[in-house]
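The primary structure of each chain is shown beneath.
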Amino acid sequence: MTNTTKKQTLSQTLCQGNLAKLPTSIDIPTYDRSQLKAGIVHIGVGGFHRAHQAVYINELLKTPGSEQWAICGVGLLESNRGLRDILVKQDYLYSLVVRHPNGNIDNKVIGSMIDFIFAPDSKQAVINKLAHSDTKIVSLTITEGGYNVNPTTGELDLNNASIAHDIANPDDPSTAFGYIVAALKIRKNSGMPAFTVQSCDNIQHNGAVTRKMLLSFTQQQNPADAELSQWIAQHVQFPNAMVDRITPVTTKADIDYVAQTFGLLDEWPITCESFSQWVIEDNFNDDRPQWDKVGAQFVSDVTPFEKMKIRLLNAGHSVLGLLGSIHGYATIDETVSDKDFSDYLRAFMDLEVTPLLDQLDGIDLAQYKDTLIERFSNPNIKDSLARICSESSAKLPKFLIATITENLALKRDCSLAALVIASWCLYSDKQVNQAQQALDIQDAMRDELAKYAQKTPTDKFAFLKLNSLFGDLIIKRAFNKHYDNAIDALYSPSSDIKEIMKSTLSKKHKKVSAETK
Ligand code: CS2
């Protein structure tokens, strides 16, 4: 880049009026944004949504005839205020920095979001938008915890304070379910068609889970109005989907990178890997975007895809995240580039997960796992272990504990996963790594996890007594003997996570080779 271009481009803040002035190396929306309508209202505009669904729609909008499929974002949380301010300032535009494993970088400006409603300022505006006739799809990335599933019963968790508030106060919603039901009531009462609710979170059968939780919520909130839940059950579609794109948290370095390299002043760019996948069951209410024209795949049953992705990729992330944090690593690429960690991860995937997965036509599982390790190793994606371990209490029941339970039911060994659970206990208890540096733990259950974990020195199985997470694992001898050994090793004065991993792995290999002889 010459000095002149640099000087000229450095002054460009990101907004609609400046798009034409941006360097040609940036891909900008070429469609007429003033003609777009928001057919999709998306709740939970995190980095993942901006790197995934919004990007598929950005591509689709380049095709004439798709103008009705732009996105209106909704932020339910007070913490979304800053995002709202930035998006408004930038005409809802943001740049997407795609970092390929070979070091190549693409930058595109995404124009598919055309509005953003910040719920704490106007709850009614959110309800009106959801009830608007243009709205055909309400999509969600509200995190695994946002569905309020009690992991051991599989039912809606009525003890959750926000859910309890929304059940008691239908006119003052605060959760996604509260808003969706308020809007569906209006649609039903005014004879309008329902919308599709499209979950984009990492939950197996995410559509079916959303449906079950939403119906249970509706019944609890409206006990005298059985017709409402019947209408929802009959008219609202909830397609299941598997979603995938690794999207680290945006850092100051990302903002500086976009400013220095492209002369673009974007206050909240999104960085992500080049890989992207979306497998969807074609089960929508009404008209829907032609997702398949822009890289998504329609299938009749997404079950094997989502199980493969959640149990290998997401659980693999958690394995690296917890073990790597204790060792003192900060990012996934750094952790997986250490052979002790990649060997452990690969053995976990091959020996404890793969036997539980279904064969998928056209997918070679060995290659899928190789690709995962390559994706995790991408040195240009600095995905922090703090992000991976955040909300582990909502993630691990779905990503890892389900694998343990299935292995136990099949009388299969689960020693590698048991060490990860014991490491989670140590992590929650001590809250420091092996070098005694503080860990950045973000978890709605952080205090409760710590309370149970801190009893370990006098009650070795105390952590497993958190039965809302672990169910009856504590009484499963085939699990708790491994957990017991792992706790002994982790809590011994000279403990070293890598030595413990190596010895657990070598016992596992011996067991497997004895069994196959
Ligand atoms: C991660 C996911 O949250 C996590 O722990 O495993 O955010 C993961 O990066 C995405 O699901 C990738 O598609």
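Note on numbering: residues in each chain are counted from 1, in written sequence order. Local features in this predicted model are restricted to residues of pLDDT 70 or higher, and side-chain atom pairs are both shown and tallied only at a pLDDT of 80 or more, whereas totals for entire chains, interfaces and linings draw on every residue. The basis for the side-chain values is all heavy atoms of the structure; hydrogens and waters are excluded.

Enquirer: Tell me about the overall build of the chain, and please be specific about residues and values.
Expert: The helix and strand inventory of the chain stands at 21 helices and 14 strands. The C-alpha radius of gyration computed for the chain amounts to 24 Å, which stays within 12% of the reference 24 Å derived for 517 residues, consistent with globular compactness. Dimensions of the chain along its principal axes, counting C-alpha atoms only, are 70 × 65 × 45 Å. Relative accessibility under 20% of the residue-type maximum defines a buried residue, over 50% an exposed one, and the middle range a partly exposed one, all with a 1.4 Å probe and only protein chains included. Looking at the 517 residues of the chain, the share that counts as buried comes to 56%. Reported accessibility uses the Shrake-Rupley method at a 1.4 Å probe radius. Residues are deemed covered only where the shown protein chains occlude them. Within the structure as shown, the chain displays about 21100 Å² of accessible surface, and the carbon and sulfur contribution to it stands at 51%. Only four residue types enter the tally: Lys and Arg on the positive side, Asp and Glu on the negative side; His and the chain ends are excluded. A single reference atom marks each charge: NZ on Lys, CZ on Arg, CG on Asp, CD on Glu. Computing the positive centroid from 53 side-chain charges and the negative centroid from 61, the chain places the two 3 Å apart. Secondary structure elements follow DSSP: runs of H or I of four or more residues count as helices, runs of E of two or more count as strands, with numbering from the N terminus. Radius of gyration: over C-alpha atoms. The globule rule applied is 2.2 Å multiplied by the number of residues raised to the 0.38 power.

Enquirer: Give a description of the packing of aromatic side chains that names residues and reports values.
Expert: Paired rings are identified among Phe, Tyr and Trp, the last through its six-membered ring, by centres lying within 6.5 Å, and are further divided according to the angle between planes into stacked (under 30 degrees), edge-to-face (over 60) and tilted (the rest). As enumerated under the stated definition, the model contains 10 aromatic pairs in all. An angle of 80° between the planes, with centres 6.0 Å apart, marks the rings of Y257 and F262 as edge-to-face. By the burial criterion, Y257 is buried, and F262 matches it. Members of the aromatic cluster, each reached through a chain of ring pairs, are Y56, W278 and W291.

Enquirer: Tell me about the domain arrangement of the chain, residues and numbers included.
Expert: Here the chain is partitioned into domain 1 (3-299) and domain 2 (303-516). Start and end positions for the domains come from either an automated domain assignment or a database one. Taking only C-alpha atoms, the centre of domain 1 and the centre of domain 2 are 30 Å apart. We call two residues in contact when some of their heavy atoms are within 4.5 Å. The partner domain 2 presents 31 residues to the 32 residues of domain 1 that form the contact. With both sides pooled, the region where domain 1 packs onto domain 2 buries about 2400 Å², and carbon together with sulfur makes up 61% of that total. Salt bridges are counted wherever a side-chain nitrogen of Lys or Arg sits within 4 Å of a carboxyl oxygen of Asp or Glu. For the pair domain 1 and domain 2, the interface holds 2 salt bridges. Between N or O atoms, a polar contact is any pair within 3.5 Å; within protein, one atom must be a potential hydrogen donor and the other a potential acceptor, and residues adjacent in sequence are included only when both atoms are from side chains. Inspection of the region where domain 1 meets domain 2 yields 8 residue pairs in polar contact (both at pLDDT 80 or more). For the side of domain 1 that touches domain 2, the elements supplying multiple residues, two or more each, are strand 10 (241-244), strand 12 (270-273), strand 13 (277-281) and strand 14 (297-299). Sorting elements by how many residues they give to the side of domain 1 that touches domain 2 places strand 10 first, with 4 residues. We define buried area as the total accessible area lost by two parts upon association, computed with a 1.4 Å probe and summed across both.

Enquirer: Summarise helix 6 (residues 161-168); cite the residues concerned and give the values.
Expert: Of the positions making up helix 6, those classed as buried are I163, D166 and I167. Taken down its axis, helix 6 places every buried residue within 100° of arc, on the same side. Exposed side chains of helix 6 directed beyond 90 degrees from the buried face belong to A161 and A168. Those residues of helix 6 that are buried are in contact with helix 7 (176-189) and helix 8 (206-221). Put simply, N160 is the residue that caps the front of helix 6, since its side-chain oxygen is 3.0 Å from the backbone nitrogen of S162. Of all possible arcs, the one meant is that of the directions from the helix axis to the C-beta atoms.

Enquirer: Which residues make up the site of the ligand, and what values do they have?
Expert: Consider each residue's heavy atoms; a residue with any of them within 4 Å of a molecule or strand counts as near. In the region of the ligand, the neighbouring residues are N202, D244, R245, I246, K309, L313, N314, H317, R387, I388 and K395. A distance of 2.9 Å separates an oxygen atom of the ligand from a polar atom in the side chain of N202. In this structure, an oxygen atom belonging to the ligand sits 2.9 Å away from a main-chain N or O atom of R245. When the ligand is considered free in solution it has 340 Å² of accessible area, and contact with the protein chains removes 93% of it. Looking at the shell around the ligand, the elements that each hand over two or more residues are helix 11 (303-327) and helix 15 (385-389). At 4 residues, the largest contribution of residues to the shell around the ligand is made by helix 11. Tallied by class, the residues present in the shell around the ligand amount to 3 nonpolar, 3 polar and 5 charged. Summarising the domain contributions, the shell around the ligand has at least three residues from each of domain 1 (3-299) and domain 2 (303-516). Each residue is assigned to one class: nonpolar for Ala, Val, Leu, Ile, Met, Phe, Trp, Tyr, Cys and Pro, charged for Asp, Glu, Lys and Arg, and polar for all the others, Gly among them.

Enquirer: Could you give me a rundown of the layout of surface pockets, with the residues and numbers involved?
Expert: Cavities and pockets are defined on a 1 Å grid built over the protein atoms alone: a cavity is a set of grid points where a 1.4 Å probe fits but cannot escape, while a pocket is an open set with protein on both sides within 12 Å along at least five of seven lines, and lining residues are those with an atom within 4 Å of any such point. Grid points are joined across faces, edges and corners, and a volume is the space filled by probe spheres set on the points. In this structure, the second largest pocket encloses a volume near 540 Å³. Every residue lining the second largest pocket is counted, 23 residues in all, and those nearest its centre are P151, T152, P397, K398 and A402. Contributing elements (two or more residues each) for the lining of the second largest pocket: helix 8, helix 16 (392-409) and helix 19 (467-470). Counting residues per element, the lining of the second largest pocket draws most heavily on helix 16, at 5 residues. Taken together, the residues of the lining of the second largest pocket sort by class into 11 nonpolar, 8 polar and 4 charged. Each of domain 1 (3-299) and domain 2 (303-516) gives at least three residues to the lining of the second largest pocket.

Enquirer: Quick one: what's the story with the state of the cysteines, residue by residue and with numbers?
Expert: In this description, the term disulfide denotes a pair of cysteine sulfurs within 2.5 Å. Enumeration over the complete set of coordinates arrives at 0 disulfides. C272 provides the cysteine sulfur closest to C200, a residue in no disulfide bond, and the two sulfurs are 15 Å apart. Distance from the sulfur of C389, which forms no disulfide, to the nearest cysteine sulfur (C425) is 14 Å. On the basis of relative accessibility, which here comes to 3%, the residue C389 falls in the buried class.

Enquirer: An account of the confidence of the model for the chain is requested, with residue identities and associated values reported.
Expert: Per-residue confidence from the prediction method is given by pLDDT, with values spanning 0 to 100. Of all residues in the chain, 98% have pLDDT values of 70 or greater, and the mean over the chain is 95. Overall, residues 1-9 carries pLDDT values under 50, and its contacts beyond four positions in sequence, including any with other chains, amount to 9 contacts.

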